[in-house]
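# Coordinate inspection notes
One letter stands for each residue in the lines below.
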Amino acid sequence: MTSLDFSSLPISPEQLEALDGAGFTKMTPVQAESLPLILERKDVIIQAQTGSGKTAAFGIGLLNHLNPRFFGVQALVMCPTRELAEQVSQSIRQLASRMSNIKTVLLCGGKPFGPQRDSLRHGAHIVVGTPGRIEDHLQRGNLELKGVKTFVLDEADRMLDMGFAQVMADITARLPKNRQTLLLSATFPEDIKKVSRSIQLNPLQIRVEEPARREKQIVEQLFFEVQKHERDRCLLALFEHYRPRNAMVFCNTKQQCAEVARFLRTHDIEAAAIHGDLDQRERDQVLLQFANDSCPVLVASDVAARGLDIPLLEMVVNYELPRDADTYVHRIGRTGRAGESGQAFSLVTPPEAPRMRVVEEYLSTNCICDVLSSLDRDPNYQLQGSRVTLQFDAGRKQKIRPGDLLGALTGDAGLSGGQIGKITIAETSSYVAIDRLALRQAMNYLANGKVKGRAIRARRLKAQQ
Ligand code: AMP
């Protein structure tokens with residue numbers, strides 16, 4: 001049997017540390033199957049969906065093949081949309097956070113050319129982007145692909161659906177022949193096979209089960225029949241009984257989201273609401289704190305939660321049942337991701353009972369109902385994030401890299417590597433998750449200490465919104 005430990009792979013200690021910092025303890029099935037081949041530099045077709053851990057699979061692979069001392073493009077990742085490209089570049093930066101001086105440049109449409117060109121001129125190891133913009137830079141002579149060792153086509157089927165076939169072919173023609181090509185696609189129809197034949201050499205194919213099928217098997221679903229006034233009590237009882245490390249609570253309106261988050265906070269459960277009234281920056285900060293273990297509970301409406309890449313949830317609660325079964329399946333699909341099991345609970349008031357029937361019909365199974373009195377209560381229950389987030393007033397624009405913050409906190413401030421979690425560099429600010437218990441030590445240093453030779457203001461970002 002293959003080991004699921006990342007340490008069984010021939011990867012560097014820095015990579016293992018970054019994986020640990022991201023909270024990835026075991027390989028997902030797609031990683032376990034593909035990484036040994038990727039690390040041997042084979043061409044691989046990975047048939048997998050979002051949520052399978054595919055980004056980290058190719059991210060680890062391409063980082064492992066880089067020569068950090070050569071400041072030319074050595075890995076090119078092409079994605080169909082800007083949103084996906086942004087997510088992918090974030091994941092790669094996270095995976096590279098313990099390596100020094102690895103530069104990733106994002107080339108997407110809708111952003112000015114100048115800064116992208118300048119970043120390329122300063123030397124980039126990894127380029128992540130959308131086909132149109134990558135081609136534009138090639139035509140303008142800003143981008144040199146002769147040194148590419150790893151080429152990744154992410155969501156290739158969507159790329160074809162969006163009419164990028166020709167651009168993809170043109171870009172591929174500019175790559176060196178002696179390279180590794182990884183092709184990722186949720187489906188594998190004839191036209192994708194044709195693309196693979198034209199760009200890959202003796203590819204090996206890996207296929208993992210669709211998340212939708214997996215969710216049905218491993219997400220435990222329970223319905224609680226409650227009166228309207230019992231909803232809050234039942235929600236609290238679910239936390240006290242199941243004691244999840246993190247959770248997402250869904251409501252149907254933004255006002256309800258804000259009220260439920262407030263209610264949880266008054267009962268010592270650190271929760272933040274995400275709703276349409278937050279501006280983009282506040283929204284990003286809430287999500288960042290949720291993803292880096294500083295805020296364990298997110299209360300969201302479906303609109304606000306759309307398209308979010310939420311990591312490994314242990315519990316999802318439908319504070320109110322949604323009106324259609326699709327939304328229900330989508331909500332509970334956020335737990336039990338990446339091969340982990342999860343629990344989904346729904347509070348159902350008598351007028352909502354018909355919605356439960358719709359779900360039963362859709363899933364062709366009987367919903368299992370339970371009662372509030374079956375849950376064990378705990379008057380001393382508390383839920384806090386294991387980490388807190390430090391916000392620094394300097395970001396990519398000020399040329400801050402993850403290694404600068406890591407260096408200041410582990411070097412001069414005296415924290416250990418294990419006390420530091422996710423590091424996120426935004427345009428003009430940066431965020432570092434650190435152990436809650438190390439907060440005082442870090443703040444004492446940062447009150448007068450320096451990052452990269454400069455005094456940079458830092459504060460604790462509060463989870464409450
Ligand atoms: P992807 O399929 O790349 O969209 O990844 C889905 C989610 O799984 C992302 O939120 C990743 O952060 C997370 N993830 C990837 N690999 C692992 C792992 N080995 N353990 C836990 N979570 C993971």
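Residues numbered from 1 in each chain as written. Predicted model: local features only at pLDDT ≥ 70, side-chain atom pairs only at ≥ 80, totals over all residues. Heavy atoms only, no water.

Pairing of side chains with opposite charge becomes possible as their charged atoms draw close. Counted according to the given criterion, the structure contains 24 salt bridges. For K54, the salt bridge identified is with D154, shortest N-O distance 3.0 Å. With a gap of 100 residues between them, K54 in helix α3 (residues 54-64) and D154 in the loop between β5 (150-153) and α7 (156-161) connect regions that are remote in the sequence. By relative accessible area, which is 5% here, K54 ends up buried. For R377, the salt bridge is made with E240, and the minimal N-O distance between the two is 2.7 Å. Placement of R377 in the loop between β14 (369-370) and β15 (387-392) and of E240 in helix α11 (residues 231-242) is noted, with a sequence separation of 137 residues between them. By relative accessible area, R377 is classed as partly exposed at 41%. Judged by its relative accessible area of 10%, E240 falls in the buried class. Overlapping salt bridges bring together K54, D154, E155 and R158 as one network. (Salt bridge = Lys/Arg side-chain N within 4 Å of Asp/Glu carboxyl O. Helix = DSSP H or I, 4+ residues; strand = E, 2+ residues; numbered from the N terminus. Buried < 20%, exposed > 50% of the residue type's maximum accessible area, 1.4 Å probe, protein only.)

Take the site of the ligand next. Within the structure, the ligand sits among 15 residues, and K26, Q31, G51, G53 and T55 are positioned closest to it. One nitrogen or oxygen atom from the side chain of Q31 is found 2.8 Å from a nitrogen atom belonging to the ligand. Backbone polar atom of G51 to an oxygen atom of the ligand: 2.8 Å apart, as the coordinates give it. Protein burial of the ligand: of its 500 Å² of free accessible surface, 90% is covered by the chains. For the shell around the ligand, the residue count by class is 4 nonpolar, 8 polar and 3 charged. Structurally, the shell around the ligand is a two-domain feature, drawing no fewer than three residues from each of domain 1 (6-208) and domain 2 (211-374). (Near = heavy atom within 4 Å. Polar contact = N/O pair within 3.5 Å; in protein donor to acceptor, adjacent residues only side chain to side chain. Areas by Shrake-Rupley, 256 points an atom, 1.4 Å probe, with all protein chains shown as cover. Nonpolar A, V, L, I, M, F, W, Y, C, P; charged D, E, K, R; others polar. Domains from an automatic or database assignment.)

Below, the discussion takes up the pairing of strand β13 (residues 342-348). Within β13, 6 of the 7 residues are buried, leaving the element largely enclosed by the surrounding structure. Here 7 bridges tie strand β8 (residues 219-225) to β13, and the two strands are oriented parallel to one another. Within β13, the residue paired with F224 across the bridge is L347. (Pairing = 2+ DSSP bridges.)

Averaged over every residue, the pLDDT of the chain is 89; residues scoring 70 or more account for 94%. Every residue in residues 211-217 scores below 50 in pLDDT, and together they form 11 contacts with partners more than four places removed in sequence or on other chains. (pLDDT = per-residue confidence, 0-100. Contact = heavy atoms within 4.5 Å.)

An order of β16-β17-β15-β18 is seen for the 4 strands of this open sheet, with the pairing classed as antiparallel. In the strand order of this sheet, the two ends are held by β16 (420-425) and β18 (458-461), each with one partner. Direction aside, the axes of adjacent strands within the sheet are offset by 25° on average. Two elements, β15 and β18, share 4 bridges in a ladder whose sense is antiparallel. (Axes fitted to C-alpha atoms, helices over the stretch in contact; angles between N-to-C directions.)

Moving on, we get to the domain arrangement of the chain. On domain assignment, one finds that the chain holds domain 1 (6-208), domain 2 (211-374) and domain 3 (387-461). Centre-to-centre, using C-alpha coordinates, domain 1 lies 28 Å away from domain 3. In this complex, domain 1 contributes 9 residues to the contact, which on the side of domain 3 involves 11 residues. Summed over both sides, the interface between domain 1 and domain 3 buries roughly 890 Å², with carbon and sulfur atoms accounting for 46% of that surface. Area buried by domain 1 at its contact with domain 3 is led by Q94, S97 and R98, which between them contribute 43% of it. Applying the counting rule to domain 1 against domain 3 returns 0 salt bridges. (Buried area = accessible area lost by both parts, 1.4 Å probe.)

On to the UniProt feature "domain: Helicase ATP-binding" (unreviewed entry) in the chain. Feature annotation in UniProt places "domain: Helicase ATP-binding" (unreviewed entry) on residues 35-206, given in this structure's numbering. Helix and strand shares over residues 35-206 are 42% and 17% respectively, and the end C-alpha atoms of the span are 11 Å apart. (UniProt positions renumbered as here; feature names shortened; annotations may be inferred.)

Another point: the nonpolar core. Counting residues in hydrophobic clusters, the biggest one holds 39 residues, and the most contacted among them are F58, L62, L63, V77, I92 and I126. Looking at this core, the element that brings in the most residues is α3, giving 6 residues. Other than its neighbours up to four places away in sequence, L62 contacts A75, V77, I92, I126, T150 and V152. (Core = buried A, V, L, I, M, F, W, Y, C linked by side-chain atoms within 4.5 Å.)

Quick look at the sheet that holds strand β11 (residues 297-300) now. Taken in spatial order, the 7 strands of this open sheet run β10-β11-β9-β12-β13-β8-β14, and their pairing is parallel. Each edge of the open sheet is held by one strand with a lone partner, namely β10 (271-274) and β14. Summarising the sheet, β8 and β14 pair through 2 bridges and their orientation is parallel. Within β14, the position partnered with F223 by the bridge is C369. The sheet strands contacting α11 are β8, β9 (247-250), β11, β12 (315-318) and β13, and the helix crosses β13 at an angle near 160°. Lying over the sheet, helix α12 (residues 254-266) contacts β9, β10 and β11, oriented at roughly 175° with respect to β10.

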